[in-house]
Amino acid sequence: MSEYVDSRIPREVGSGALPDHPAIKTPWEKLISFHDAYQYALRHNASVAATFMQVLRIIIPDYATRTKALNDINHEILLSLFSIDEYRNMVKERLDIHPFMKGSMCGVLSGDQGDELLWMAGRVNDYGTYRFEKELDSCPWDIVGSEYCRCTTYFFQACSEAYGEPTMEFNMVEAKGCGDLHCRVIGENREKYPMPKKEENFETFGPIATVDQIKFTPEEKMFKRPQQLRPECDFKYRNGLCAEYTAAEGYEFAAPMPLGSDNIIPVLEAMEPDKVKTENVTNCVFEAAGKMAFSEFAAIKGIRDWLGVPGEVNDCRVMGGLIEVVLQAILCEYTVKAFDDKEVVLDVDLQGLERNFPLLTTAYISMWNGMCKTLISSRWFLWRETDEVPENIIRLKIGNKIDKYC
């Protein structure tokens, strides 16, 4: 392994001469602003989730079976999590939920906080005793698939049930992932608003009883940024009980979360007993996704310009620089062991990359190897080295090699 790392100006050099700004720094001194890094991290996580959805569609071809499994398994996971007293009380304290509040009131506060911090900008149109309506103007996860749109209402459902409101039923009557202008989650108390019982748990697009109460926001009045990035909100998220999150707290909450992937991978693990098959499909789908990312030449120019890559650099450092940006964006720690025109070696924190889901590591290695082929050329490979590497580290190497079975 080379011990040479291209010369870089350390972050502390020049500190104090100019105003400090939170930003990601590429190997070529290009700064990516906090705003852009925040948005990039969430869209990146959504893109990984969208690719995992394709894995799930291959493993479980039938739409109804696949979506029912997504709902059942994630409802059980969320309900189990929120049923833990310590966790539920921690959430209630952080959201300023009063001791006398229960049920849907607590569940929707949890959902609203998650929405805004995850760049699902919008508004609460109704927060009544028997009805709740949340309208979203943006959603980075609108590319994952309609199965996921159906599944997300079960997050609210599980929270409300854990907080003592089993009679509340949630529907996403509109979904950006299905082509609607907004996402619209409506919760209705079935004792107040009786409706026929759904035949399947994934029928979460309605019908509903209170369609006449919907408050629709026209496109020209829609938000492009969440509360914590809007000046009229003093760059803070505030819920109806005056709990606050700063933009920095929002980023630290949202960026490391592999949202979508953390809902799909448990379904893969539960529904497919052949783990070798799951890993093989994951490898194939993610490697193809990586190659497609830069199969258009304009995409190559776009990412090079965004990273600030010098014109004369067209080797492993380009891919290495992109990976560094991804790792910084999702707040994953890493160390640069080598970075020159012959090889790039990065020691990446295992927990920070896989985030409790080892299949994520499989996906990233396959995807980044595929990207090498089109972002640089077919001569470049990315692989994981394991010899004399600590257990808590994933060592990634990018270099030339010849593989007749790749």
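**Student:** Please clarify how the overall build of the protein chain should be interpreted in this entry.
**Tutor:** A count of helices and strands for the protein chain gives 12 helices and 12 strands. For the protein chain, the C-alpha radius of gyration of 23 Å lies close to 22 Å, the compact-globule estimate for 406 residues. Within the protein chain, the fraction of its 406 residues that count as buried is 54%. Looking at the protein chain alone, contacts between residues at least 24 apart form 67% of all its contacts between residues at least 6 apart. As displayed, the protein chain has an accessible area near 19000 Å², and 55% of this comes from carbon and sulfur atoms. Taken together, the 45 basic and 63 acidic charged side chains of the protein chain have centroids lying 3 Å from each other.

**Student:** Is there a simple way to explain the nonpolar core in this structure?
**Tutor:** For soluble globular proteins, nonpolar side chains are generally found buried alongside one another. Ranked by size, the top nonpolar core spans 100 residues in total, and within it Phe52, Trp141, Met319, Trp368, Leu375 and Ile398 carry the most contacts. Of all hydrophobic cores here, the second largest spans 9 residues; its members include Met168, Phe170, Ala175 and Val185.

**Student:** Looking at this model, I keep getting lost on the environment of Lys215. Mind explaining?
**Tutor:** Relative to the elements of secondary structure, Lys215 occurs in the loop between strand S6 (183–189) and strand S7 (236–238). Linking Lys215 and Asn125, residues 90 residues apart in sequence, is a C-alpha distance of 6.5 Å. Once you skip the residues sitting within four places of it in the chain, Lys215 turns out to touch Asn125, Glu133, Glu135 and Arg184.

**Student:** Just checking my understanding: could you explain the pairing of strand S9 (residues 334–339) for this structure?
**Tutor:** Regular strands place side chains that alternate from one sheet face to the opposite one. Pairing analysis gives 5 bridges linking S9 to strand S10 (residues 343–349), with the strands arranged antiparallel. Each residue of the ladder has a partner; that of Phe339, found in S10, is Val344. Between S9 and the antiparallel strand that follows it, S10, lie 3 residues.

**Student:** Looking at this structure, I do not really get the packing of helix H1 (residues 34–59) against helix H10 (residues 316–329). What am I missing?
**Tutor:** A packed helix pair is summarised by two numbers, namely the angle formed by the two axes and the spacing between the axes. Where H1 contacts H10, the two axes come as close as 9 Å, and the packing angle between them is 95°. The angle between H1 and H10 falls in the class roughly perpendicular. Within the contact between the two elements, H1 uses Ala37, Tyr40, Ala41 and His44 and H10 uses Leu322, Val325, Val326 and Ala329. The class makeup of the residues in the contact of H1 with H10 is 7 nonpolar, 1 polar and no charged.

**Student:** Help me out: how do you make sense of the side chain of Thr361 in this one?
**Tutor:** The residue Thr361 is located in helix H12 (residues 358–375) in this model. In this view, Thr361 contacts Leu350, Leu353, Glu354, Arg384 and Ile394; residues no more than four positions away in its chain are not counted.

**Student:** Can you help me understand the sheet that holds strand S11 (residues 380–385) in this one?
**Tutor:** The strands making up a sheet are joined through hydrogen bonds of the backbone, oriented either antiparallel or parallel. Taken in spatial order, the 4 strands line up as S9-S10-S12-S11 in an open sheet, and their pairing is antiparallel. Two strands close off the open sheet at either side, each with one partner strand: S9 and S11. Across the sheet, the axes of successive neighbouring strands diverge by a mean angle of 20°, strand direction being ignored. Both S10 and strand S12 (residues 393–400) contribute to a ladder of 7 bridges, which runs antiparallel. For Leu346, the partnering residue across the bridge sits in S12 and is Leu396. Across the sheet, H12 touches S11 and S12, and the angle it forms with S11 is around 160°.

**Student:** Could you clarify how one ought to interpret unusual backbone geometry in this entry?
**Tutor:** In this structure, Pro207 follows Gly206 across a cis peptide bond, with omega equal to 5°. Its place among the elements puts Pro207 in the loop between S6 and S7. Of note in the backbone geometry, Asp96 takes a positive phi value of approximately 60° without being a glycine. Along the polypeptide, Asp96 turns up in the loop between helix H3 (85–94) and helix H4 (104–117). Asp96 gets classed as partly exposed once you look at its relative accessible area, which sits at 32%.

**Student:** Sorry if this is basic, but what is going on with the packing of H10 against H12 here?
**Tutor:** It is at 10 Å that the axes of H10 and H12 come closest, and there the two elements cross at 135°. With respect to each other, H10 and H12 are oriented oblique. Both H10 and H12 take part in a crossing whose hand is right-handed. Along the contact surface, H10 presents Val318, Met319, Leu322, Ile323, Val326 and Leu327, while H12 presents Trp368, Met371, Cys372 and Leu375. Residues that form the contact of H10 with H12 fall into these classes: 10 nonpolar, no polar and no charged.

**Student:** Would you take a moment to explain H10 for this structure?
**Tutor:** Each turn of an α-helix holds 3.6 residues, which means side chains three or four residues apart point in the same direction. Compared with the 20 Å implied by 1.5 Å per residue over 14 residues, the 20 Å span of H10 between its first and last C-alpha is a close match. Most of H10 is tucked away: 14 of the 14 residues are buried. Directly after H10, the chain includes Leu331, whose backbone phi takes a positive value near 60°.

**Student:** Sorry if this is basic, but what is going on with the packing of aromatic side chains here?
**Tutor:** A full pass over the atoms with the stated rule returns 14 aromatic pairs. Ring geometry for Phe82 and Tyr163: centres 5.9 Å apart, planes at 65°, overall edge-to-face. Of this pair, Phe82 sits in helix H2 (residues 63–82) while Tyr163 sits in the loop between helix H5 (146–162) and strand S5 (168–174); the two residues are 81 residues apart in sequence, bridging distant segments of the chain. The burial state of Phe82 is the same as that of Tyr163; both residues are buried. Residues Phe132 and Phe170 carry aromatic rings whose centres are separated by 6.5 Å and whose planes lie at 65° to one another, so their mutual orientation is edge-to-face. Residue Phe132 is found in strand S4 (residues 131–136), and its partner Phe170 is found in strand S5; the two are separated by 38 residues along the sequence. The residues Phe132 and Phe170 share a single accessibility class, namely buried. Ring pairing ties together the aromatic residues Phe34, Tyr38, Trp119 and Tyr251, which thus form one cluster.

**Student:** Looking at this model, I keep getting lost on the environment of Thr386. Mind explaining?
**Tutor:** Examined against the element boundaries, Thr386 turns out to sit in the loop between S11 and S12. In sequence terms Thr386 and Ala298 are 88 residues apart; their C-alpha atoms lie 35 Å from each other.

Reading guide: rules and limits
- Per chain, the residues get numbers from 1 upward, laid out in the order the sequence is written.
- Restriction of local features to residues with pLDDT of at least 70 applies here, the model being predicted, together with a cutoff of 80 or more for giving and counting side-chain atom pairs; totals for whole chains, interfaces and linings are based on all residues.
- Hydrogens are left out, water is left out, and the side-chain values use all remaining heavy atoms of the structure.
- Runs of E in the DSSP output that reach at least two residues are strands. Runs of H or I that reach at least four are helices, and both are numbered from the N terminus.
- Radius of gyration here uses only the C-alpha atoms, and the compact-globule reference equals 2.2 Å multiplied by the residue count raised to the power 0.38.
- When accessible area is computed with a 1.4 Å probe and restricted to protein chains, residues below 20% of their type maximum are described as buried, those above 50% as exposed, and intermediate ones as partly exposed.
- Two residues form a contact once any of their heavy atoms are found within 4.5 Å.
- With residues, only the protein chains shown are counted as cover, and all accessible areas are computed by Shrake-Rupley using a 1.4 Å probe.
- Only four residue types enter the tally: Lys and Arg on the positive side, Asp and Glu on the negative side; His and the chain ends are excluded.
- To locate a charge, the coordinates of NZ of Lys, CZ of Arg, CG of Asp or CD of Glu are taken.
- Residues belong to one nonpolar core when they are buried, are Ala, Val, Leu, Ile, Met, Phe, Trp, Tyr or Cys, and are joined through side-chain atoms within 4.5 Å.
- The criterion for strand pairing is that DSSP finds at least two bridges linking the strands in question.
- For every element, the axis is a line fit to its C-alpha atoms; helices are fit only across the contacting stretch, and the angle between N-to-C directions ranges from 0 to 180 degrees.
- Roughly parallel means an angle under 35 degrees; roughly antiparallel means over 145; roughly perpendicular covers 65 to 115; every other angle is labelled oblique.
- Ten residues, namely Ala, Val, Leu, Ile, Met, Phe, Trp, Tyr, Cys and Pro, are considered nonpolar, four, namely Asp, Glu, Lys and Arg, are considered charged, and the remaining ones, Gly among them, are considered polar.
- By definition, turning the near helix anticlockwise from the far helix through less than a right angle yields a left-handed crossing, and turning it clockwise yields a right-handed one.
- To estimate the expected span of a helix, subtract one from its residue number and multiply by 1.5 Å.
- Classification of ring pairs rests on two measures: the distance between centres of Phe, Tyr or Trp rings, Trp counted by its six-membered ring, which must be within 6.5 Å, and the angle between planes, read as stacked under 30 degrees, edge-to-face over 60 and tilted in between.

It is worth stressing that arrangement in space is one thing and function is another; only the former is reported here.
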